Amino acid sequence: MGLLSLGTPLAWDEAKQYADHVRTHGITQFLHIWDRLKDRCGDELLWGDEIEYMVAAFDDREKNVKLSLRQTEILAKLQAIVEDIVSDRGESDSVPTYHPEYGRFMLESTPGSPYTGEIRDLLAVEGNMRYRRHLARKYLKSNEVPFTLTSFPRMGVPGVFTEPYYDPVDAVSSHSLFLPEEITNPHARFPTLTANIRRRRGSKVAINLPLFIDTHTPRPFVDPTIPWQRNIYPEDPEAKHGAALLDHIYMDAMGFGMGCSCLQITFQACNIAEARRLYDALIPVAPLMLALTAASPLWRGYIADVDCRWDVVSASVDDRTEEERGLKPLKENRFRIPKSRYASVSLYISEYWMNQPAYNDIDAPHDTAIFERLRNHGVDELLSRHIAHLFIRDPLVIFSESIDQDDTTSNDHFENIQSTNWQTLRFKPPPANSTIGWRVEFRPMEVQMTDFENAAFSVFVVLLSRAILHFNLNLYIPISKVRAVTDLGAGGGGPDSRQVDENMARAQRRDAVRSEKFYFRKDVFPPGPSQPSSLASSCPSTPVSEHGGPILINGINGKEKKLRNCYPLPPKPDDASPSGAVEDEYEEMTMVEIMNGKGSAFPGLLNLVYAYLETLDFDEKSARRIEEYLDLIRRRTNGSLRTAASWIRDFVRSHPAYKFDSVVSQEINYDLMVAVDEIERGLRKAPDFLPSNCSPRE
């Protein structure tokens, strides 16, 4: 959730008076960074992962699993332990770090220092993840477990689902019917963020997931667990006045979305141009990785008819007013905004010739004054539009002590808005007063149940990112393609605001990997002499180092010893201008076709990764380890191994206590969490879910 500032947060009525101040100074701060670092070049590949855990407490006597709300105590203990380890070792690079998250039951962990492009770093990811989990688990109570589950199946049910128990009647920030105030991190930022989203929106957030209709599910389904008659807060009647939809799982608080866990990867690029190139290239990949990592079919004690968290989180932070959602004419607000601030990417931003204007084909409103200011300062049109689009949003949390900043040394106002635009990817300028370069954050993936899976998906994304740059691949398709309607919540957003990228909508559907097709580019190779059958001919004949010189292996050009940045971009070929309709550049493909190839022009993403691996110099043991990870991706793709969502859904529906009524009972949830813990520790085999050779490594 970013840096946690100390100070006095302003309630919305006061904070909104400073919105223009934050926007103006945020742009000033960005321009200072731009002036200093737009020409920075030669940064090596550094990358890292972020994993979020939810800590759950087992009550074996009651056969219940509850979210442990001891985040503050656990983090204090872990911080002391980490400091002791650092002191003993005399260095901190290998010691992981732990951070607070929105939910008081959550922990975020990152490696102690970024990974480099060395093969040994690539192979260290799983061990590092396991070490982080081991360290966290070691200092929990004996009945507590750090799970990497995307969503907790029974969060928000009537009765006891937290340890200790708190009553939702005291939810003074969210006014939720289901979640108590105490489920939120007590740092002032989080309850203020929750309350200010509700106040700015003019109502509670409304999240409605389609219910999985089973044999004995009542029809129409009117949720008996909603306290329809509660009358404590002004928003309490919203559920019965239409916010809660029939045949849906209704949720009403930020905690349902920001209480989810995910897996994120951040890359440092060679320079700003490479960062923008990589950002664009990964946009079409994001829905695919969401589908492959699908892991959240259970919500508020019910089985949903979707497999992913994305629309839940999107609706949980949707602060748009009725005017901005298109439900009323614009009067108090400046823009109709098509999407929540947690959504898919709206704009490609690279200036490379592959990015044709026709690909940016959706409504992405921007602040014209900010756009003109950026353009007048020398920022190019595409990046100016991207930032001016982000800055149509208001800052949600402002600390009174931080209103006035030195714009030459701080970027807090810029990050206030940048970091609360939660999209599938994030283009990240260097922080002020830092040695860090231009970065790209890959954000769509759901966290997996085991460290093996999380490592496999991390390694795959890193290798794919290098293959894209190495072979100069063109993955562009129109951001909209065929638009889909997906309800973010009751009350709607107007027909335009519910239209989202089709692939993102399909990725969240039940068993999307096997049942859906996705739009993808037919020919990913740039014009020129290279042929798909000879991938190596697409790469530079003489690899160039981060500093512009040739890479030498034993004195001659050859295979590279590590993954890297700074691939030279070939000039635009003479025959690169589009000659046909954009619609002819892409088609619907199955996930198997996207990963394994279709036709002569598209070899598939997995084969492109294998072709890239052929350019690297590493030993057979390393090759076997990498193959284990890629085999998981392949088998999840072809359906011989289930996604986590499919496995979880099947576990519930095959449980002896399940009544085929869509309900996940306390008993079923307890047994599910036991099974997940045993699988993660290698004590239970799940041959339809994990390869037999993925037992926990030391």
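About the thresholds
Residues numbered from 1 in each chain as written. Predicted model: local features only at pLDDT ≥ 70, side-chain atom pairs only at ≥ 80, totals over all residues. Heavy atoms only, no water. Helix = DSSP H or I, 4+ residues; strand = E, 2+ residues; numbered from the N terminus. Buried < 20%, exposed > 50% of the residue type's maximum accessible area, 1.4 Å probe, protein only. Contact = heavy atoms within 4.5 Å. Areas by Shrake-Rupley, 256 points an atom, 1.4 Å probe, with all protein chains shown as cover. Lys, Arg positive; Asp, Glu negative; His and termini not counted. Charge placed at Lys NZ, Arg CZ, Asp CG, Glu CD. Disulfide = S-S within 2.5 Å. Expected span 1.5 Å × (residues − 1). Bend = angle between axes of the 7 residues up to and from the residue. Phe/Tyr/Trp six-rings, centres within 6.5 Å; stacked < 30°, edge-to-face > 60°. pLDDT = per-residue confidence, 0-100. Salt bridge = Lys/Arg side-chain N within 4 Å of Asp/Glu carboxyl O. Axes fitted to C-alpha atoms, helices over the stretch in contact; angles between N-to-C directions. Parallel < 35°, antiparallel > 145°, perpendicular 65-115°, else oblique. Left-handed = near helix turned anticlockwise from the far one by under 90°. Nonpolar A, V, L, I, M, F, W, Y, C, P; charged D, E, K, R; others polar. Core = buried A, V, L, I, M, F, W, Y, C linked by side-chain atoms within 4.5 Å. Polar contact = N/O pair within 3.5 Å; in protein donor to acceptor, adjacent residues only side chain to side chain.

**Re the overall build of the chain**
Phase 1 of the analysis: Within the chain, the secondary structure is distributed over 22 helices and 19 strands.
Phase 2 of the analysis: Across its three principal axes, the chain shows a C-alpha extent of roughly 75 × 60 × 55 Å.
Phase 3 of the analysis: In the chain, which comprises 698 residues, the proportion classed as buried is 62%.
Phase 4 of the analysis: Taking all contacts inside the chain whose residues are at least 6 apart in sequence as the whole, residues at least 24 apart take part in 77%.
Phase 5 of the analysis: A total accessible area of about 25600 Å² is found for the chain, and carbon and sulfur atoms account for 50% of it.
Phase 6 of the analysis: A gap of 2 Å separates the mean positions of the 80 positive and 99 negative side-chain charges of the chain.

**Focus on the state of the cysteines**
Phase 1 of the analysis: Counted according to the given criterion, the structure contains 1 disulfide.
Phase 2 of the analysis: A sulfur-sulfur distance of 2.2 Å marks the disulfide that ties Cys 270 to Cys 566. Across the S-S bond of Cys 270 and Cys 566 the torsion is about 95°, and the bridge reads as right-handed. Highlighted residues: Cys 270 in the loop between β9 (263-268) and α8 (272-282) and Cys 566 in the loop between β18 (517-521) and β19 (586-590), separated in sequence by 296 residues. Grouping residues by exposure puts Cys 270 and Cys 566 together as buried.
Phase 3 of the analysis: In this structure Cys 41 is a free cysteine whose sulfur lies 3.8 Å from that of Cys 270, the closest cysteine sulfur available.
Phase 4 of the analysis: The thiol sulfur of Cys 262 is not disulfide-bonded, and the nearest other cysteine sulfur, from Cys 260, lies at 8.8 Å.
Phase 5 of the analysis: Taking the relative accessible area as the measure of exposure, Cys 262 reaches 7% and is therefore buried.

**A few points about helix α4 (residues 119-138)**
Phase 1 of the analysis: In this model α4 runs 29 Å from its N-terminal to its C-terminal C-alpha over 20 residues, within 8% of the 28 Å that 1.5 Å per residue would give.
Phase 2 of the analysis: Its axis deflected by about 40° at Val 125, α4 carries its strongest bend there.

**Topic: the packing of aromatic side chains**
Phase 1 of the analysis: Applying the stated criterion across every chain, the model contains 24 aromatic pairs.
Phase 2 of the analysis: Taking the centre distance of 5.6 Å and the plane angle of 45° together, the rings of Phe 452 and Tyr 629 count as tilted. Taken together, the residues Phe 452 in helix α14 (residues 451-470) and Tyr 629 in helix α20 (residues 620-638) connect sequence positions 177 residues apart. Taken as a pair, Phe 452 and Tyr 629 share a single burial class, namely buried.
Phase 3 of the analysis: With a centroid separation of 5.7 Å and 75° between ring planes, the pair formed by Tyr 519 and Tyr 586 is classed as edge-to-face. Note that Tyr 519 is positioned in strand β18 and Tyr 586 in strand β19, a separation of 67 residues in sequence.
Phase 4 of the analysis: You can call Tyr 586 buried: its relative accessible area is 12%.

**Thoughts on the confidence of the model for the chain**
Atomic detail in the predicted coordinates should be set aside for any region of low pLDDT.
Phase 1 of the analysis: Counting all residues, the mean pLDDT for the chain is 91, and 91% of those residues have values of 70 or more.
Phase 2 of the analysis: Here residues 482-488 scores under 50 on pLDDT; set against residues more than four positions off or in separate chains, the count is 27 contacts.
Phase 3 of the analysis: pLDDT under 50 marks residues 490-500. Its contacts with residues more than four places away, or in other chains, come to 35 contacts.

**Observations regarding the pattern of salt bridges**
Note that side chains of opposite charge can pair when their charged atoms are close.
Phase 1 of the analysis: Enumeration according to the criterion identifies 54 salt bridges in this entry.
Phase 2 of the analysis: Across the salt bridge formed by Asp 394 and Arg 23, the nearest N and O atoms sit 2.6 Å from each other. Separated by 371 residues along the polypeptide, Asp 394 in the loop between α12 (381-390) and α13 (412-418) and Arg 23 in helix α2 (residues 19-37) bring together distant segments of the chain.
Phase 3 of the analysis: A relative accessible area of 12% means that Asp 394 is categorised as buried.
Phase 4 of the analysis: We note a salt bridge from Glu 144 to Arg 70, for which the minimum N-O separation is 2.5 Å.

**As for the environment of Pro 573**
Phase 1 of the analysis: Tracing the backbone shows Pro 573 in the loop between β18 and β19.
Phase 2 of the analysis: Separated by 561 residues in sequence, Pro 573 and Trp 12 have C-alpha atoms that sit 53 Å apart.
Phase 3 of the analysis: Look past the residues within four positions of Pro 573 in its chain and what remains in contact with it is Trp 353 and Pro 527.

**So, the packing of α2 against helix α11 (residues 368-376)**
Working note: a packed helix pair is described by the angle between its axes plus the distance between those axes.
Phase 1 of the analysis: The geometry of α2 relative to α11 is characterised by a closest axis approach of 11 Å and an angle of 20° between their N-to-C directions. Our classification of the angle between α2 and α11 gives roughly parallel. Viewed along their axes, α2 and α11 form a crossing whose handedness is right-handed. When α2 is examined against α11, the residues Arg 23, Thr 24, Ile 27, Thr 28, Phe 30 and Leu 31 are found in contact with a partner set consisting of Ile 370, Arg 373 and Leu 374.
Phase 2 of the analysis: Grouping the amino acids of the contact of α2 with α11 by side-chain chemistry returns 5 nonpolar, 2 polar and 2 charged.

**A closer look at the nonpolar core**
Phase 1 of the analysis: With 212 residues, the main nonpolar core has Phe 442 and Trp 647 as its most contacted residues.
Phase 2 of the analysis: Among the elements that make up this core, the one with the highest residue count is α14 (13 residues).
Phase 3 of the analysis: For Trp 647, the contacting residues outside a window of four places in its chain are Met 449, Arg 642, Leu 672, Ala 675, Val 676, Ile 679, Ala 686, Asp 688 and Phe 689.

**Considering the packing of α11 against α12**
Phase 1 of the analysis: For the pair α11 and α12, interaxial distance at closest approach is 9 Å and the crossing angle is 145°. The element α11 and its partner α12 pack so that their crossing is right-handed. Seen from α11, the contacting residues are Ile 370, Phe 371, Leu 374 and Arg 375; seen from α12, they are Glu 381, Ser 384, Arg 385, Ile 387 and Ala 388.
Phase 2 of the analysis: Partitioned by chemical class, the residues of the contact of α11 with α12 number 5 nonpolar, 1 polar and 3 charged.

**What to know about α20**
Phase 1 of the analysis: Over its 19 residues, α20 extends 26 Å from the first C-alpha to the last, a length consistent with the 27 Å expected when each residue adds 1.5 Å.
Phase 2 of the analysis: Along its buried surface, α20 packs onto α4, α9 (286-292), α14, α17 (512-515), α18 (591-596) and α19 (605-613).
Phase 3 of the analysis: For α20, the N-terminal capping position is held by Asp 619, with its side-chain oxygen 3.3 Å away from the main-chain nitrogen of Lys 621.
Phase 4 of the analysis: Of the residues flanking the end of α20, it is Gly 639, one or two places downstream, whose phi is positive at about 85°.

**Things to note about unusual backbone geometry**
Phase 1 of the analysis: Backbone torsion omega between Glu 163 and Pro 164 reads 0°, so that peptide bond is classified as cis.
Phase 2 of the analysis: Inspection of the secondary structure assignment puts Pro 164 in the loop between β6 (162-163) and α5 (189-201).
Phase 3 of the analysis: The omega angle of the peptide bond from Arg 219 to Pro 220 is -10°, so this bond is cis rather than trans.
Phase 4 of the analysis: Along the chain, Pro 220 turns up in the loop between β7 (207-210) and α6 (239-243).
Phase 5 of the analysis: Notably, Asp 247 is not glycine yet its phi reads approximately 60°, a positive angle.
Phase 6 of the analysis: Looking at Asp 247, the relative accessible area reads 18%, which means it is buried.
Phase 7 of the analysis: The backbone phi angle of Asn 433 is positive, close to 55°, even though this residue is not glycine.
Phase 8 of the analysis: Relative to the elements of secondary structure, Asn 433 occurs in the loop between β14 (425-428) and β15 (439-442).

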